[in-house]
Amino acid sequence: MNSKLYARSEALTDAPFHYCPGCQHGIVHRIIAEVIDELGVRKQIIGVAPVGCSVLAYEYFNFDIVQASHGRAPAVATGVKRVCPDSTVFTYQGDGDLASIGCAEVVHAAARGERITTIFINNAIYGMTGGQMAPTTLVDQVTTTSPYGRNVNQAGTPLCISEMLSTIQGARFIARVAVNNPSNMAKAKAAIKKAFQLQNSGEGFCLVEVLSTCPTNWGMTPLEAVKWLETNMIPQYPLGVFKDAGGE
């Protein structure tokens, strides 16, 4: 007798993802959708989509999504949460959106202790606009705007968002995860679920940073990209929980 072992989450539409082969946005979308289904909050959740590769997130999630200007998702989410305090509100942002043009927004949302959740996708590069150097680009990493590798003397060092935000008093839960293998996917899901649960229990700002691949702009196959993430990104951006002040 056949039985269904896995089905599409109710929090996802049936629209096919537009992401490049090997891109891990789809994995993170699926994890978020599963968490929303398991928590039973689909009717009350509101997402804020960024400018970047995931700009079309409103086509993939089966709940309300607000489109924000580049980098302004935390500001938009702040307004949504204050107007609809009983809603579960989250932003979904890449490293160009959050760590560059939107750095001030996310820092001050954390400082104010806004009761929102941010999912931060870090693939160490600008994806949608052609593979330029981002604040999270690694030292010596080649991009279209650093063809000889990121030069510390010219561009400084990579910005470690989770470590930085964990020093802010208003931040309640800050974690960095990856989705490069099943074990880490399970840890990523647990961290994202906890971030939503803390928000729903009245806690302040929560952020989960997800290390992700960009095979197209890294110039690699999907398998090469996963290996590069493991050997280069994780040493620069260690996985783990940087702050867990929930329930204090």
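As annotated in an unreviewed UniProt entry, the chain carries the name Thiamine pyrophosphate-dependent enzyme and comes from Pelosinus baikalensis.

Engineer: Where do I start with the layout of surface pockets in this structure?
Structural biologist: Each pocket or cavity is described by its volume, and for the largest pocket that value is around 210 Å³. Element by element, the count of residues in the lining of the largest pocket is highest for helix α3 (residues 95–101), at three residues. Across the lining of the largest pocket, the residue classes tally to seven nonpolar, nine polar and two charged. In this model, the second largest pocket occupies a volume close to 170 Å³. If you go around the second largest pocket, you meet 14 residues; those closest to its centre are Tyr19, Cys20, Cys23, Cys53 and Gly127. Ranked by residues supplied to the lining of the second largest pocket, first place goes to helix α8 (residues 215–218) with three residues. When grouped by side-chain class, the residues that make up the lining of the second largest pocket number seven nonpolar, seven polar and no charged.

Engineer: Would you take a moment to explain the pattern of salt bridges for this structure?
Structural biologist: Where charged atoms from two side chains of opposite charge approach closely, those side chains can pair. Counted by the stated rule, this structure contains twelve salt bridges. The partner of Glu34 in a salt bridge is Lys189, with the nearest N and O atoms 3.2 Å apart. One end of the pair, Glu34, is in helix α1 (residues 25–39); the other, Lys189, is in helix α7 (residues 182–200), with 155 residues separating them in the sequence. Relative accessible area serves as the criterion here: at 13%, Glu34 is assigned to the buried category. Residues Glu114 and Arg112 are paired through a salt bridge, measuring 2.6 Å at the closest nitrogen-oxygen approach. Relative accessible area serves as the criterion here: at 6%, Glu114 is assigned to the buried category. Of the residues examined, Arg112 reaches a relative accessible area of 45% and is grouped as partly exposed. Shared partners join several salt bridges into a network, and the residues in it are Arg30, Glu34, Glu38, Lys189 and Lys193.

Engineer: Before we go on, may I ask you to explain the packing of aromatic side chains in this structure?
Structural biologist: Each aromatic ring pair is summarised here by two numbers: the centre-to-centre distance and the angle between the ring planes. One pass over the structure, following the stated rule, counts eight aromatic pairs. Centroid distance Phe61 to Phe63: 5.2 Å. Interplanar angle 25°. Geometry classified as stacked. Assigned by exposure class, Phe61 and Phe63 land together as buried. Summarising the aromatic geometry, the rings of Trp218 and Trp228 are spaced 4.7 Å apart at their centres and angled 55° between planes, so their arrangement reads as tilted. Here Trp228 lies in helix α9 (residues 222–236) and Trp218 lies in helix α8, a separation of ten residues in the sequence. Given the relative accessible area of 11%, Trp218 is considered buried. Take Trp228: its relative accessible area is 18%, and that puts it in the buried class. Clustering of aromatic rings is evident, with ring pairs tying together Phe61, Phe63, Phe90 and Phe196.

Procedures and definitions
- Residues numbered from 1 in each chain as written.
- Predicted model: local features only at pLDDT ≥ 70, side-chain atom pairs only at ≥ 80, totals over all residues.
- Heavy atoms only, no water.
- 1 Å grid on protein atoms, 1.4 Å probe; cavity = no way out; pocket = protein on both sides within 12 Å on 5 of 7 lines; lining within 4 Å.
- Points joined across faces, edges and corners; volume = space filled by probe spheres on them.
- Helix = DSSP H or I, 4+ residues; strand = E, 2+ residues; numbered from the N terminus.
- Nonpolar A, V, L, I, M, F, W, Y, C, P; charged D, E, K, R; others polar.
- Salt bridge = Lys/Arg side-chain N within 4 Å of Asp/Glu carboxyl O.
- Buried < 20%, exposed > 50% of the residue type's maximum accessible area, 1.4 Å probe, protein only.
- Phe/Tyr/Trp six-rings, centres within 6.5 Å; stacked < 30°, edge-to-face > 60°.

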